[in-house]
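# Summary of the model geometry
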Amino acid sequence: MVANVGRLHVIAGCMSSGKTGELIRLLSRHAVTGDTMVIYKHCVDSRDGSRARSRLGMEMEALVIEHAREISGDDCRVIAIEEAQFFGDALADVVRRLLAEGHLVYVTGLNQDFRGEPFGVMPELMALADEISLLTAICQKCHGVGTRTQRVIDGEPAPWDSPLILVGGGDFYEARCPDCHEVPGRPAT
Ligand code: ZN
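Residues numbered from 1 in each chain as written. Predicted model: local features only at pLDDT ≥ 70, side-chain atom pairs only at ≥ 80, totals over all residues. Heavy atoms only, no water.

### Structural notes on the overall build of the chain
Broken down by element type, the chain carries three helices and 13 strands. A globule of 189 residues ought to have a C-alpha radius of gyration of about 16 Å, and the chain, at 17 Å, matches this closely. Projecting the C-alpha coordinates of the chain onto the three principal axes gives extents of approximately 55 × 30 × 30 Å. In the chain, which comprises 189 residues, the share counted as buried stands at 47%. Counted over contacts in the chain with a minimum sequence separation of 6, partners at least 24 positions apart contribute 70%. Here the chain has roughly 9600 Å² of accessible surface; of this, 53% comes from carbon and sulfur atoms. Separation of charge centres in the chain, based on 19 positive and 27 negative side chains, amounts to 3 Å. (Helix = DSSP H or I, 4+ residues; strand = E, 2+ residues; numbered from the N terminus. Rg over C-alpha atoms; globule rule 2.2 N^0.38 Å. Buried < 20%, exposed > 50% of the residue type's maximum accessible area, 1.4 Å probe, protein only. Contact = heavy atoms within 4.5 Å. Areas by Shrake-Rupley, 256 points an atom, 1.4 Å probe, with all protein chains shown as cover. Lys, Arg positive; Asp, Glu negative; His and termini not counted. Charge placed at Lys NZ, Arg CZ, Asp CG, Glu CD.)

Structure follows, in structure tokens:
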């Protein structure tokens with residue numbers, strides 16, 4: 001019997017926390033029941049072309065899209081969306097529609113931006129979720145528990161006022177614990 005009520009599972013965490021690996025593990029369980037599935041990923045995340053690839057070497061085919069409106073349930077029971085933070089607020093309504101249609105929806109994304117602030121549509125998706133996996137990484141500075149995403153530009157911590165999404169810049173990201181997470185110029189609270 002196939003339930004007609006959808007479910008949303010959000011896999012959140014910082015950079016290098018294994019979100020794609022966990023997604024592939026969760027999706028692979030559906031092979032037992034023969035559920036059809038599709039993975040969407042945002043075109044900003046072009047590291048691996050049209051594949052969802054984890055650092056453990058696991059990978060699955062993905063459809064590369066630019067807008068949330070390109071996401072369609074079609075005949076697939078299971079819908080996965082990678083890097084949700086890039087899609088903007090429109091993704092929340094798309095996910096609501098998929099759930100109303102009875103889909104099983106998996107979403108991965110950064111819950112915090114490089115400043116340590118809630119990232120885009122992720123807080124809303126986490127509030128809508130039936131289940132949340134909040135993953136941690138290893139801090140690349142002290143080897144503690146990494147929960148933050150550090151942006152580094154030209155070898156220096158990125159300042160608070162640098163743009164939220166840099167495309168093709170000289171920046172890179174690494175996992176940090178809260179103690180090692182540096183955001184120069186953070187306004188006083
Ligand atoms: Zn640390």
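Now that the structure has been shown, the text picks up again.
### Section: the coordination of the zinc ion
For the zinc ion, the protein coordination sphere consists of Cys 139 (SG), Cys 142 (SG), Cys 177 (SG) and Cys 180 (SG), at 2.3 to 2.4 Å. Written as a sequence motif, the donor arrangement for the zinc ion is C-x2-C-x34-C-x2-C. Here Cys 142 is found in the loop between strand 9 (137-138) and strand 10 (145-146), whereas its partner Cys 177 is found in the segment after strand 13 (171-176), with 35 residues between them in sequence. Judged by its relative accessible area of 6%, Cys 177 falls in the buried class. (Donors = N, O, S within 2.8 Å, 3.2 Å for Na, K, Ca; no water.)

### Description of helix 2 (residues 90-100)
Of all the residues in helix 2, the buried ones are Leu 91, Ala 92, Val 94, Val 95, Leu 98 and Leu 99. The buried residues of helix 2 occupy an angular sector of 160 degrees when the element is viewed end-on, so they sit on one face. Along helix 2, exposed side chains directed more than 90 degrees from the buried face belong to Asp 93 and Ala 100. Positive phi shows up at Gly 102, right after helix 2, with a value of about 90 degrees. (Arc of directions from axis to C-beta.)

### Regarding helix 1 (residues 19-28)
Helix 1 sits mainly inside the fold: eight of its 10 residues count as buried. All of the buried residues in helix 1 are Lys 19, Thr 20, Gly 21, Glu 22, Leu 23, Ile 24, Leu 26 and Leu 27.

### Quick look at the sheet that holds strand 5 (residues 63-65)
Each strand in a sheet pairs with another by means of backbone hydrogen bonds, the pair being arranged parallel or else antiparallel. Ordered by their spatial adjacency, six strands build an open sheet running 5-2-6-7-1-8, and the pairing between neighbours is parallel. Edge strands, defined here as strands with exactly one partner in the open sheet, are strand 5 and strand 8 (131-135). Neighbour to neighbour, the strand axes of the sheet diverge by 20 degrees on average, direction disregarded. Note that strand 2 (residues 37-42) and strand 5 share three bridges and pair parallel. (Pairing = 2+ DSSP bridges. Axes fitted to C-alpha atoms, helices over the stretch in contact; angles between N-to-C directions.)

### Here we look at the nonpolar core
Formed by 25 residues in total, the largest nonpolar core has its most connected members in Ile 71, Ile 81, Leu 91, Val 107 and Leu 125. At the level of elements, strand 1 (7-13), strand 2, strand 6 (78-82), helix 2, strand 7 (104-109) and helix 3 (122-128) are the ones that each hand at least two residues to this core. For this core, the element with the highest residue contribution is helix 2, accounting for six residues. Ranked by size, the runner-up nonpolar core spans 12 residues in total, among them Ile 11, Leu 23, Leu 26 and Tyr 106. (Core = buried A, V, L, I, M, F, W, Y, C linked by side-chain atoms within 4.5 Å.)

### Some words on a nonpolar patch on the surface
A surface patch of nonpolar side chains, amounting to about 200 Å² of accessible area, comprises Val 44, Leu 164 and Ile 165. Of note, Leu 164 is situated in the loop between strand 12 (156-157) and strand 13. Given the relative accessible area of 35%, Leu 164 is considered partly exposed. (Patch = residues over 30% accessible without salt bridge, like charges linked within 9 Å, V, L, I, M, F, W, Y side chains within 5 Å. Salt bridge = Lys/Arg side-chain N within 4 Å of Asp/Glu carboxyl O.)

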